[in-house]
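The residues making up each chain are set out below.
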Amino acid sequence: MLLVLGACGDDAPTAEGTDGSSSSGGLSTTGGVTSSSSSGAADSSSGGDVDLDEFPGLSAPVEITIDERGIPHIYGQTDLDVLYASGYQQATDRLFQMDLVRRRALGRQAEVLGPDFVGQDETSRLFDLQRWGAANVERLREEDPDTYRLIVAWLAGVNARIDEVNAGEVPVPYGFGPDETNTMPERWTMQEHSAIAKLYMLGNSNSLERELLATIVQRNFADAWERIELARPAFNVTTMPPGELPMAGPMLPGLGSPAKPPIPASDEELLEGVRTLRSHMAHLPLVGSNNWAIDGSLTATGRPLIAGDPHQPLQSPSLMYAQHLNSADAGGELDVIGWAFAGTAGVQLGHNRNIHWTATTNFADVMDIWEVELDGDQVRVGDEMVEVQRREEPIEVAGGETVVLEVVDVPGYGILLPSDIVPLPIAAPGNALLLNWTGFKATSEERTFVEIAAASSLEEFEAAADTMQVGGFNFMAASLEGITYRVQIDIPDRGDPSARPMPFLVVDGNDAGSFWDGTFLAPEQLPRSRGEGRGWLATANNDPWGFTFDGDVSNDPWYFGYFYAAGHRAQRIDDELTRLAARGGITLEDMQALQSDTHSPTSAVLLPLLTEAWEAIPTDPELAAYADRPELETLYTLLTQTWDQRMERDRPGALAFHLYLMLLTDEVARDELSLLYATILGEESPFAIKFPLLAVQGIYPNSDALLGASRNVVLLETLSRVAGVLEDRFGDVDPAGYQWGDMHGTAFNNAFGGELDGGWWPSDGGEDTVNVSASGFLDENGGIAERFDSNDGALFRVVTTFAEDGTPQALCNFPPGNSADPQSPHFQDTLEDWLEDEYTALPFSRAEVDAVAESTRVIEP
């Protein structure tokens, strides 16, 4: 997710070098900021040949105003000037973080962070992100030189700041010093910037772990595979409006994927293989987001509303960097504000003068794995033998010996997964696993985000979104003219799902028909809507078409994907927007309340069932063990009468219900999933909690077998276990002695640690809430953790309306601060608003910015 700027005007200056070279000049400041200087050069804006690879220098002074939340508002004469200053300012605020992000993309983290990061580096080298980033660069230079020049300008600004650091003209940022990693920053190149883009696209579209684990479950845990339909959601809510779904027709039973016999392996070998895989993929988290938009016909102002909160790892500093870029006041193309992923140019999510846009992940399946036969330097791909290419990737390790990874590329078909990254018993002896990803090519994400930010109408926004290829985004936008939802991604057209093995499992590489033929799903097979039927649109990483609702994706008109969110957030958002639409007059306050909502939709299903079980105790001899137990009556009363079903940190009922939900998951799924249970619950608890929810409702065809006892016994035994945990931890089940925040909170970690660690903070939300705050439930030994740490959540929350003239007016909060300097007042100054769900206006007009200005600096040519 990277660049997002405005197109360069005809009179804009020429561009920078692929190594970020710059002839730009001196820096003068106001507001007590120190200054430095270097030789200047005039901006070339008079026509003639343009050197795409050289930034010519600033054409005029650029002003950077820092507001009271540490957000820079950058004003320049041209787009290139603003981009240069943006790169300089981001490097000023976030240079060490940017360096770590680049190392993550290039597979060089272990150089400074040590042996624990070798696995992640091996994965980045395996996917060859630097190579495919370079391919992006060449394509961009050829097809879109204006966007290319913008990134060149940004890199020149980044490198100008790096040169100042290395020359001793400014302090060395925390993290580089002799008491930290003992390194100095290296200059950036165009190829490295695009490698970071590839890293984010890979994280957005990765399904490697899920497909491998699904294959292990199918082959090694056949009973669990039959009883737990992995695809079936907890709640049947589509991203597409109900009136715009495909017509249901008579579908043939799918061919499916008959399970191959499992390869013999001990439990220890299986468990160690899963752990190794996870350690290699830790920098590619499986997360989600929310967004929705409401047409003006349903709002109090008569103008649209839009909301977005991207869910990613919550770190210190944040993965995203807030900024405002403006050249339009001086005649340029840019006036855009919002958030960029640290280490990338521009703004990926935010608004310009006409449109606000947001995005979530749509989990389209763009990655397949085949088991293929090896024969020396050849592999069998269907009916042909393909010559492989081998490469060695040396990985330097701080405090250790260099590790050399051998990678085997299969030209045109992907890569072979090395056994030290995927040490799982899936491929038979003499065979290997071949992985292909649609990102193994030059793609256009830079162009996409540039054109989105430059869009002045919904039609232009949709055309820009349609240039995306590998990023699996549910794009949503609003302007004064209306709302729109748009998906464009290259999803391989795998043909009739009923006639082929399912691609969410490892596929037989001898099946020539299972390989991609270069065609992709057509636009009419992708989610797209203006929401005209009901007046609102919403996505929460849920199934766009409803193909998974019967647990079977082999009987649908086409194959889109398999692994979606379980639908908890989607259900709550759908319920609330339906209620608000019926009421009418929807306000910004309504949007904020929904975005911060901590109501548990799972509790609304489970607690009535618990009531049925409780009321059956006097008459059912099977339940005699739960009669006349005051501690159970106390908990039952707390959950069903006292608690308001909100996962707020001051609620005793929230803690009791979380324990209840997770222990119910344990009752239902631990034996079925065996040694994979802790991995699945630990990595994807919002996904795992759907298993008991579906089982106790009898929705699974084999629900009774999954429960293993009567529903009432399972529900009451879980309540008894909750009582035991509370008595053990707090000495009593009395709600006066505990609350959710005693055990649940958000940890803002940092890969390096030290002063960058952001600490642990009690926080609201849970696994199934709109304000999501999923946490680890088990410790490393498989017992209940001492504390439930959440490491993922909303990087920011933003709700936006529109002024009468169409200008977006956004309110937001974001944690923990906009600076990565532990000594900066903006290191952690926005955290409290995020914790307390307090929204503040995002200043956009010059008057709004000046009203909250803290300091101003000027970069001179």
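That block above? That's the structure.
Please read all numbers here as calculations on a predicted model, not as lab measurements.

Novice: Before we move on, could you go through the packing of helix 1 (residues 79–106) against helix 5 (residues 145–166) and cite the residues and values that matter?
Specialist: At a minimum axis separation of 7 Å, helix 1 and helix 5 run at an interaxial angle of 45 degrees. Classed by the angle they form, the pair helix 1 and helix 5 counts as oblique. Our pair here, helix 1 against helix 5, has a crossing hand that is right-handed. Here helix 1 contributes D79, L80, L83, Y84, S86, G87, Y88, Q90, A91, T92, L95 and M98 to the contact with helix 5, which in turn contributes R149, L150, A153, W154, A156, G157, V158, A160, R161, I162, E164 and V165. Looking at the contact of helix 1 with helix 5, its residues break down into 15 nonpolar, 5 polar and 4 charged.

Novice: Any chance you could break down the sheet that holds strand 23 (residues 760–762) for me, citing the residues and the numbers?
Specialist: Across the sheet, which stays open at both edges, the 3 strands sit in the order 23-22-24 with mixed pairing between neighbours. Unpaired on one side and paired on the other, strand 23 and strand 24 (788–790) mark the two borders of the sheet. Sheet twist, expressed as the mean angle between neighbouring strand axes with direction ignored, is 40 degrees. Relative to strand 24, strand 22 (residues 744–747) runs parallel, the two being bridged by 3 bridges. The partner of G745 across the bridge, within strand 24, is D789.

Novice: Outline unusual backbone geometry, supporting the account with residue identities and numerical values.
Specialist: Cis geometry marks the peptide bond from S316 to P317; its omega dihedral reads 0 degrees. Mapped onto the fold, P317 is located in the loop between strand 5 (305–313) and strand 6 (320–326). Cis peptide bonds are those with omega within 30 degrees of zero, and the linkage from P815 to P816 qualifies with -15 degrees. Residue placement: P816 occurs in the loop between strand 27 (808–813) and helix 23 (831–835). Here the phi dihedral of D628 falls at roughly 55 degrees; this positive angle occurs in a residue that is not glycine. Here D628 shows up in the loop between helix 14 (601–616) and helix 15 (630–642). Overall, the relative accessible area of 80% leaves D628 in the exposed class. The backbone of D837 shows a phi angle near 60 degrees, a positive value even though the residue is not glycine. Mapped onto the elements, D837 comes out in the loop between helix 23 and strand 28 (840–841).

Novice: With reference to specific residues and values, describe the pairing of strand 21 (residues 536–539).
Specialist: Side-chain alternation along strand 21 places W536 and A538 on one buried face and L537 and T539 on a second face that is also buried. Pairing geometry for strand 4 (residues 289–294) and strand 21, over 4 bridges, is antiparallel. The residue of strand 21 that forms the bridge with I294 is W536.

Novice: An account of the pattern of salt bridges is requested, with residue identities and associated values reported.
Specialist: Counting across every chain of the model gives 55 salt bridges. In this structure, D53 and R141 form a salt bridge, with 2.7 Å as the shortest nitrogen-oxygen distance. Residue D53 is located in the loop between strand 1 (27–29) and strand 2 (62–67), and its partner R141 is located in helix 4 (residues 129–143); the two are separated by 88 residues in the primary sequence. The salt bridge partner of E209 is R278, with a shortest N-O separation of 2.6 Å. Of this pair, E209 sits in helix 7 (residues 208–220) while R278 sits in helix 9 (residues 267–280), and the two are 69 residues apart along the sequence. A single burial state applies to E209 and to R278, both of which are buried.

About the criteria used
Residues numbered from 1 in each chain as written. Predicted model: local features only at pLDDT ≥ 70, side-chain atom pairs only at ≥ 80, totals over all residues. Heavy atoms only, no water. Axes fitted to C-alpha atoms, helices over the stretch in contact; angles between N-to-C directions. Helix = DSSP H or I, 4+ residues; strand = E, 2+ residues; numbered from the N terminus. Parallel < 35°, antiparallel > 145°, perpendicular 65-115°, else oblique. Left-handed = near helix turned anticlockwise from the far one by under 90°. Contact = heavy atoms within 4.5 Å. Nonpolar A, V, L, I, M, F, W, Y, C, P; charged D, E, K, R; others polar. Pairing = 2+ DSSP bridges. Buried < 20%, exposed > 50% of the residue type's maximum accessible area, 1.4 Å probe, protein only. Salt bridge = Lys/Arg side-chain N within 4 Å of Asp/Glu carboxyl O.

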